[in-house]
Each structure stands twice: as C-alpha cells, then as structure tokens.
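Descriptive structure summary
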Amino acid sequence: MYHPDLLPYSREPDPPRASPQSCPALVLNADYTPLSYYPLSLWSWQTAIKAAFLERVDIVAEYDREIRSPSFTMKLPSVIALRQYVKPSSHPAFTRFNLFLRDRFACQYCGHGHELTFDHVVPRAYGGRTTWENVTTACAPCNLRKGGRTPAEAHMGLRTRPYQPNTHQLQEHGRAFPPHFLHETWRDYLYWDSELEA
C-alpha cells in the first residue's frame with residue numbers, strides 16, 4: 001500500500017546534495033539489465049517507493065537515506081527491478097535524439113560534437129527521403145557548407161554511412177556516455193564488461 005504521507009528523514013542534517021531529489025533509483029528490467037543506458041533509466045524516489053508498495057518492483061539496493069511516516073520507516077531504494085519483464089522494441093523510434101545517439105553525438109563529416117543538427121545525405125530536392133538510411137548527424141557549419149548538394153558534389157566524405165540501428169546498438173552506444181552521477185550501488189548493473197577491482 002502506498003503511503004502518501006512519507007517524508008524524507010535523516011538522523012543528521014543533510015547537505016543539499018543528499019536531498020531526496022538527489023536519490024534517484026536505477027530501474028532494471030526483470031532480467032536485471034537497465035531498461036535504458038542513455039538516457040539512464042532512473043525514477044524519482046517517490047515513483048520508486050510507490051512502485052514498491054504496489055508490488056511492481058523488487059528493491060535490490062538502498063541508500064543510507066531514510067523516509068518515514070508516523071508509523072513507518074524505510075530506506076530510499078537506489079536500485080529496483082521490475083517484476084514483469086518489459087521486452088525492448090527491436091527497432092527504435094526515428095527521432096533526433098536517437099539519430100545523434102546512433103552517430104555518437106558527432107558530425108559525420110568532420111567529427112566535431114558542437115552545434116549538431118541533421119543532414120539529408122541525398123538532398124530532398126533530389127528525392128532524398130527522411131529515413132535512417134538517408135539522414136546523418138552534421139554540425140551546423142558542415143550542414144551549411146554542404147547545402148543542397150550530395151557529399152560527392154560538395155567534396156565532403158562521410159565517416160560512416162547512415163543505417164537503421166537496432167535497440168541493442170543504441171544501448172551499446174549509450175554506455176559510452178555515463179551520467180555525471182553514478183551511485184556505487186549501480187555499478188554492478190551498468191558496466192558488465194568493465195574489469196573488476198581486486
């Protein structure tokens with residue numbers, strides 16, 4: 001049962017970085033893999049606790065920070081796992097964010113990561129379509145330089161040809177962009193291929 005009157009609690013005054021809002025829960029699928037690497041699948045502490053009370057998730061790890069109501073005390077969840085497996089979509093949506101993630105947030109003409117936009121490799125004026133296979137990440141200066149021409153006409157080579165990624169490929173690309181905050185309890189679930197410390 002969900003307790004709407006739960007309040008953040010700590011035995012000592014916490015610095016601002018230890019507020020409940022700075023205690024998100026890493027959300028794992030039922031197979032204990034993250035639902036998403038980039039953006040990292042995180043829920044607020046309120047959503048995580050509500051899901052736990054509704055028995056939709058299992059609490060895998062906790063913060064030292066506690067919450068309480070007049071009759072109840074519990075630690076904030078730091079890692080939770082869904083009880084029912086969510087099958088990831090095999091083909092991700094064609095969005096600007098997913099396009100940038102496919103291309104690792106780098107212009108496919110010069111390699112820079114600033115002022116990113118997208119470019120039709122075969123221009124629309126030539127019949128080029130807005131599809132995974134014809135759109136690539138480009139910085140604004142390269143996009144302006146290429147204009148309404150093909151890469152060959154503009155004497156600009158592509159680093160990689162555009163392609164339709166699958167969800168696994170995007171997740172692998174996302175692993176290269178860890179967030180600024182990684183709680184110690186998350187590490188075993190995020191970096192399967194990292195070398196273990198002795």
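About the thresholds
Residues numbered from 1 in each chain as written. Predicted model: local features only at pLDDT ≥ 70, side-chain atom pairs only at ≥ 80, totals over all residues. Heavy atoms only, no water. Helix = DSSP H or I, 4+ residues; strand = E, 2+ residues; numbered from the N terminus. Buried < 20%, exposed > 50% of the residue type's maximum accessible area, 1.4 Å probe, protein only. Contact = heavy atoms within 4.5 Å. Areas by Shrake-Rupley, 256 points an atom, 1.4 Å probe, with all protein chains shown as cover. Core = buried A, V, L, I, M, F, W, Y, C linked by side-chain atoms within 4.5 Å. pLDDT = per-residue confidence, 0-100. Arc of directions from axis to C-beta. Polar contact = N/O pair within 3.5 Å; in protein donor to acceptor, adjacent residues only side chain to side chain. Salt bridge = Lys/Arg side-chain N within 4 Å of Asp/Glu carboxyl O. 1 Å grid on protein atoms, 1.4 Å probe; cavity = no way out; pocket = protein on both sides within 12 Å on 5 of 7 lines; lining within 4 Å. Points joined across faces, edges and corners; volume = space filled by probe spheres on them. Phe/Tyr/Trp six-rings, centres within 6.5 Å; stacked < 30°, edge-to-face > 60°. Lys NZ or Arg CZ within 6 Å of the ring centre and 35° of its normal.

Attention now moves to the overall build of the protein. Each helix and strand in the protein was counted, giving six helices and seven strands. Per-residue burial for the protein yields a buried fraction of 40% across its 198 residues. Counted over contacts in the protein with a minimum sequence separation of 6, partners at least 24 positions apart contribute 65%. Taken as a whole, the protein presents about 12000 Å² of accessible surface, with 53% of it coming from carbon and sulfur.

Bringing the nonpolar core into the picture now. Counting residues in each nonpolar core, the largest one holds 19 residues, and the members touching the most others are L26, I49, L76, V79, W186 and L190. Those residues in contact with W186 that lie beyond four places of it in its chain are P24, L26, L40, L42, Y63, S78, V79 and F181.

Here we come to helix α1 (residues 45-53). The complete set of buried residues in α1 reads W45, A48, I49, A51, A52 and F53. Backbone geometry just after α1 places E55 at a positive phi near 60°.

Moving on, we come to the confidence of the model for the protein. Scored by pLDDT, the protein has a mean of 86; 87% of the residues are at 70 or more. The least confident element of the protein is strand β1 (residues 7-9), whose mean pLDDT is 37; the most confident is strand β7 (residues 135-139), at 98. In the predicted structure, residues 1-17 sits below a pLDDT of 50 and forms 34 contacts with residues beyond four places in sequence or in another chain. Contacts from residues 192-198, a stretch scored under 50 in pLDDT, to residues over four places away or in other chains number six contacts.

Moving on, we come to unusual backbone geometry. Of all residues except glycine, most have a negative phi; of all peptide bonds, most are trans. For the bond running from Y38 to P39, omega is 5°, close enough to zero to count as cis. Here P39 shows up in the loop between β2 (25-28) and β3 (42-43). The backbone of E55 shows a phi angle near 60°, a positive value even though the residue is not glycine.

For helix α5 (residues 167-174), the complete set of buried residues consists of T167, L170, Q171, H173 and G174. The buried side chains of α5 occupy one side of the element, clustering within an arc of 160° when seen end-on. In this structure, the buried residues of α5 make contact with α2 (96-102). Backbone nitrogen of H168 and a side-chain oxygen of the N-cap are separated by 3.1 Å at the start of α5; the cap is N166.

Before going further, it helps to examine the pattern of salt bridges. This model, assessed by the stated rule, comprises four salt bridges. Salt-bridge contacts for D103 lead to R102; the nearest nitrogen and oxygen are separated by 2.9 Å. In this structure, D103 and R102 share a single accessibility class: buried. One salt bridge in this structure joins D119 and K146, with 3.2 Å as the shortest N-O distance. Of the two residues, D119 sits in strand β6 (residues 116-120) while K146 sits in helix α3 (residues 140-146), which places them 27 residues apart along the sequence. For D119, a relative accessible area of 3% puts it in the buried group.

If you trace the backbone, T137 turns up in strand β7. Here the side chain of T137 touches D103 through a polar contact of 2.8 Å, side chain to side chain. Each residue touching T137, except ones within four places of it in the same chain, is listed here: L99, F100, D103, A106, C107, Q108, L116 and T117.

We now examine the layout of surface pockets. The computed volume of the second largest pocket comes to approximately 270 Å³. As for the second largest pocket, its lining consists of 16 residues, of which T33, P34, L35, P88 and Q171 are closest to the centre.

A ring pair, where both rings are aromatic, is described by two values, the distance of the centres and the angle of the planes. Overall, the coordinates contain nine aromatic pairs when judged by the stated rule. Ring centres 5.5 Å apart and planes at 70° place the aromatic pair Y38 and F105 in the edge-to-face group. With Y38 in the loop between β2 and β3 and F105 in the loop between α2 and β6, this residue pair connects regions lying 67 residues apart in the sequence. Here a set of aromatic residues connected by ring pairs shows up, and it is made of Y38, F97, F100, F105 and F177. Stacked on the ring of Y163, the Lys or Arg R102 has its end atom at 5.4 Å from the ring centre.

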